[in-house]
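Spelled out from the first residue to the last, the chains are:
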Amino acid sequence: MGHLNLPSSKRSPKQWRLLDIITAFFFGIVTLFFLLVFTPLGDSLAASGRQALLRSSSDPRQRLKVVALVETGKQTAIETCPAEYVDHMPCEDPKRNSILSREMNYYRERHCPAPDQSPLCLIPPPDGYKIPVQWPESLRKIWHDNMPYNKIADRKGHQGWMKEEGPYFIFPGGGTMFPEGAERYIEKLGQYIPIAGGVLRTALDMGCGVASFGGYLLKENILTLSFAPRDSHKAQIQFALERGIPAFVAMLGTRRLPFPAFSFDFVHCSRCLIPFTAYNATYFIEVDRLLRPGGYLVISGPPVQWAKQDKEWADLQAVARALCYELIVVDANTAIWKKATGETCFTNQNEFGIELCDESDDPNYAWYFTLKKCVSRTSHVKEEFGVGIMPKWPERLAKAPSRAIQMKNGFDVFEADTRRWIRRVAYYKRSLNVKLGTPSIRNVMDMNAFFGGFAAAIISDPMWVMNVVPPRKPSTLDIIFDRGLVGVYHDWCEPFSTYPRTYDFIHVVGIESLVKDQNSGKNRCNLVDLMVEMDRILRPEGTVIIRDLPEVIDKVSRIALSIRWTTSIHEKEPESHGRDKIMVATKTFWKPSSIAH
């Protein structure tokens, strides 16, 4: 049989190999395009790229360059954080803090990263986020998708903490020690302490859960500041703030809590599990520092008449006796004490070795201040600070406290500040088109509160104010508490101890003073980081008012553009002196899907 001779190709083997490579490369590019656009791989790679960019922006030199560009308006947008940052709290980061010491719960306290270790980016809202339910409806229900964490509902639902119902989390008002509801529990406490009538105004709820206790005390005109650490319950303080209840993240560990001495009329612990008698009763001593003379301490739950905790219960009673506390009642697992109004019964001869602090000790120092194992003296506090002696609420709001009068020209400064803020708030409502006094605003922060005049001027509105006094400013937070308002010490060169999206309205006078050293006049930190932090804690569609000199307002308005706020600049109210201008800003409700990366 003959063979069929086919013509040979005109192309050489090398040419065929080159054509194959080009064709394979082309199809590879097309395949990669489809993978990036139409599969989750694209999202993953994009997130990785953004994370790499964030890491590069944390380089000190690169970060300074970005900050300078934003301040001068040459960079118009700050990057969006990756989705996993949705609930990021820089100073309460479980991953970073987990390597720290467990002794006295040190690892659960504030531990802030250096600025050059923090990504400079804007935190996105979670998928499905909605503008929060308005007060007072929010006391009983919130949107599930705003914080879709079912752990507390699953574990504590049978105790009335919260439950999932359709698109909402529902809060029946219960707690571990009051499963039948906070209202009935408060009625029970009212049999022994003056809940009604204005004698009690400021309260501290330690280890508060979702803060139903503080929420229902508001009906009695008792303003409760609730706190708990960021812990295994996941987002309990976030739930409290979403409900419109005053709260913040804190841990009673190795340091004083960020409040001045003798601030609270009433301190409450419902199964807070604080070991009050440990470390020579250090934690009980800290509670004593915060409680006013004549104030009330309520501990409900362990160790009060609790099974297998007889020694702990006996020690707790012994410490209270050593500090001159009067045991009013023990009702099942609830104990109520009243603090003495002086030091007349205190003796250094006690089994815990508790002593009075030196005369030189200032009990108001409480910003990164290590707990002391000595009792704060009340001798420098006059009798009018005692519960039941000082003016009742609401009279105490407008009366200049003795601690204000002790300042130079204190009475005149207090009176002038009160009048000034009544005038300014009226102007804000009349001329600036802000929503103060409407259901749209519930959680308010004053970042540089001084005497709390702004908060006092809006006291009739359905909102509460976190009054912040920077520790480098004059120490006026005690005066704010004496007026029946609440607040904390905080240095604004660090992030605040709260979750993202927890405030509806932020107010600040003299924003540049918060980042400058008062002595040298040099910046300790920068306005860009500060305003990114303000954006973190502000809710979408939330409002910011900044008052400062015109040149500062020009600077912050440029930064506002980079963090996607809409702004308007206004003149000050006609009656005021000085050169102040006012910037009103609104945080836009953006989502990651709407932002090009």
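Residues numbered from 1 in each chain as written. Predicted model: local features only at pLDDT ≥ 70, side-chain atom pairs only at ≥ 80, totals over all residues. Heavy atoms only, no water.

Chemist: Would you mind going over the state of the cysteines with me for this structure?
Modeler: Each disulfide is one covalent bond, formed between the sulfur atoms of two cysteines. Taken as a whole and assessed by the stated rule, the structure comprises five disulfides. Each disulfide pairs two cysteine sulfurs, and for Cys81 the partner residue is Cys121, the sulfurs being separated by 2.0 Å. Taking the torsion about the sulfur-sulfur bond, which here is approximately 95°, the covalent link between Cys81 and Cys121 counts as right-handed. Taken together, the residues Cys81 in the loop between α3 (60-71) and α4 (94-97) and Cys121 in the loop between α4 and β1 (141-143) connect sequence positions 40 residues apart. Assessed through its relative accessible area of 5%, Cys121 is described here as buried. What pairs with Cys357 in a disulfide is Cys374, and their sulfur atoms sit 2.1 Å apart. Sign of the S-S torsion, about 90° for the bond between Cys357 and Cys374, identifies this disulfide as right-handed. (Disulfide = S-S within 2.5 Å. Helix = DSSP H or I, 4+ residues; strand = E, 2+ residues; numbered from the N terminus. Buried < 20%, exposed > 50% of the residue type's maximum accessible area, 1.4 Å probe, protein only.)

Chemist: Just checking my understanding: could you explain empty space enclosed by the protein for this structure?
Modeler: Leftover empty space is mapped by rolling, across the atoms, a probe with the size of a water molecule. Applying the stated criterion across every chain, the model contains five cavities of 30 Å³ or more. Considering only enclosed or pocket space, the largest cavity measures out at about 250 Å³ in volume. Arg110, Ala250, Pro258, Trp367 and Ser497 are, among the 20 residues lining the largest cavity, the residues nearest its centre. Mapped onto the lining of the largest cavity, the elements with two or more residues apiece are β6 (247-249) and β15 (487-489). Among the residues making up the lining of the largest cavity, the classes are represented as twelve nonpolar, two polar and six charged. (1 Å grid on protein atoms, 1.4 Å probe; cavity = no way out; pocket = protein on both sides within 12 Å on 5 of 7 lines; lining within 4 Å. Points joined across faces, edges and corners; volume = space filled by probe spheres on them. Nonpolar A, V, L, I, M, F, W, Y, C, P; charged D, E, K, R; others polar.)

Chemist: Where do I start with the packing of aromatic side chains in this structure?
Modeler: Each aromatic ring pair is summarised here by two numbers: the centre-to-centre distance and the angle between the ring planes. For the structure shown, the criterion picks out 26 aromatic pairs. Each ring, one from Trp143 and one from Tyr168, has its centre 4.6 Å from the other, and the planes form 20°; the classification is stacked. Linking Trp143 in strand β1 with Tyr168 in strand β3 (residues 168-170), this pair joins segments that are 25 residues apart in sequence. Trp143 gets classed as buried once you look at its relative accessible area, which sits at 18%. For the ring pair Phe259 and Phe264, a centre distance of 5.1 Å and an interplane angle of 90° mean the geometry is edge-to-face. A connected cluster of aromatic rings, assembled from ring pairs, spans Phe227, Phe248, Phe259, Phe264 and Phe481. (Phe/Tyr/Trp six-rings, centres within 6.5 Å; stacked < 30°, edge-to-face > 60°.)

Chemist: For this particular structure, what's the right way to read the sheet that holds β1?
Modeler: Strands in a sheet are paired, the pairing made by backbone hydrogen bonds, and the direction either parallel or antiparallel. Strand order across the open sheet formed by three strands is β1-β3-β2, with antiparallel pairing between neighbours. The outermost strands of the open sheet, each flanked by one partner alone, are β1 and β2 (163-165). Here the strands of the sheet are splayed against their neighbours by 35° on average, with no regard to which way each runs. Summarising the sheet, β2 and β3 pair through three bridges and their orientation is antiparallel. Directly across from Lys163, in β3, lies its bridge partner Ile170. (Pairing = 2+ DSSP bridges. Axes fitted to C-alpha atoms, helices over the stretch in contact; angles between N-to-C directions.)

Chemist: Honestly, the layout of surface pockets in this entry has me stumped. Any pointers?
Modeler: In this model, the largest pocket occupies a volume close to 710 Å³. Contributing to the lining of the largest pocket are 28 residues, with Glu92, Asp93, Pro94, Lys95 and Arg230 lying nearest its centre. It is α4 that contributes the most residues to the lining of the largest pocket, four residues altogether. Tallied by class, the residues present in the lining of the largest pocket amount to ten nonpolar, seven polar and eleven charged.

Chemist: How should the side chain of Glu109 be read in this particular structure?
Modeler: Considering the arrangement of structural elements, one finds Glu109 in the loop between α4 and β1. Comment: no salt bridge for buried Glu109; closest opposite-charge side chain is Arg255, at 4.4 Å. Of note is the side chain of Glu109, whose polar atom sits 3.1 Å from the backbone nitrogen of Arg255. When neighbours within four sequence positions are excluded, Glu109 is seen to be in contact with Cys91, Asn97, Met251, Gly253, Thr254 and Arg255. (Lys, Arg positive; Asp, Glu negative; His and termini not counted. Salt bridge = Lys/Arg side-chain N within 4 Å of Asp/Glu carboxyl O. Polar contact = N/O pair within 3.5 Å; in protein donor to acceptor, adjacent residues only side chain to side chain. Contact = heavy atoms within 4.5 Å.)

Chemist: Sorry if this is basic, but what is going on with the sheet that holds strand β13 (residues 443-446) here?
Modeler: Read across the sheet, seven strands follow the order β15-β14-β13-β16-β17-β19-β18 without closing on themselves; strand pairing throughout is mixed. Looking at the sheet topology across the chains shown, the edges are occupied by β15 and β18 (565-571). The mean inter-strand angle of the sheet, taken between neighbouring strand axes irrespective of direction, is 15°. Bridge count between strand β17 (residues 538-548) and strand β19 (residues 581-587): six bridges; the pairing is antiparallel. Bridging from a neighbouring strand, Ile546 pairs with Met583 of β19. Contacts from helix α16 (residues 527-537) reach β13, β16 (503-509), β17, β18 and β19 within the one sheet, and its direction differs from that of β17 by about 140°.

Chemist: Looking at this structure, how should I read the pattern of salt bridges?
Modeler: For side chains of opposite charge, pairing can occur when their charged atoms come near one another. Summed over all chains, the structure comprises 36 salt bridges. In this structure, Arg377 and Glu359 form a salt bridge, with 3.7 Å as the shortest nitrogen-oxygen distance. Taken together, the positions of Arg377 in the loop between β12 (374-375) and α11 (395-398) and Glu359 in the loop between β11 (355-356) and β12 put the pair 18 residues apart, joining distant regions of the chain. Taking the relative accessible area as the measure of exposure, Arg377 reaches 22% and is therefore partly exposed. Since its relative accessible area comes to 61%, Glu359 is described here as exposed. We note a salt bridge from Asp580 to Arg547, for which the minimum N-O separation is 3.7 Å. Separated by 33 residues along the polypeptide, Asp580 in the loop between β18 and β19 and Arg547 in strand β17 bring together distant segments of the chain. Linked through salt bridges whose partners overlap, the residues forming this network are Asp265, Arg292, Arg396, Arg403, Asp478 and Asp482.

Chemist: Help me understand α16 in this model?
Modeler: Along an α-helix, residues three or four apart share an orientation, since each turn contains 3.6 residues. α16 sits mainly inside the fold: ten of its eleven residues count as buried. Leu527, Val528, Leu530, Met531, Val532, Glu533, Met534, Asp535, Arg536 and Ile537 are the residues of α16 that are buried. Put simply, Asn526 is the residue that caps the front of α16, since its side-chain oxygen is 3.0 Å from the backbone nitrogen of Val528.

Chemist: Please explain unusual backbone geometry as it appears in this structure.
Modeler: Working note: non-glycine residues mostly have negative phi, and peptide bonds are mostly trans. Backbone torsion omega between Trp135 and Pro136 reads 5°, so that peptide bond is classified as cis. Following Pro302, the chain continues into Pro303 via a peptide bond in cis, with omega recorded as 5°. Looking at the secondary structure, you find Pro303 in the loop between β8 (291-300) and α10 (310-322). Its identity is not glycine, yet Asn105 carries a phi of approximately 60°, on the positive side. Tracing the sequence through the fold places Asn105 in the loop between α4 and β1. Phi at Tyr368 takes a positive value of approximately 55°, unusual for a residue other than glycine. Here Tyr368 is to be found in the loop between β11 and β12.

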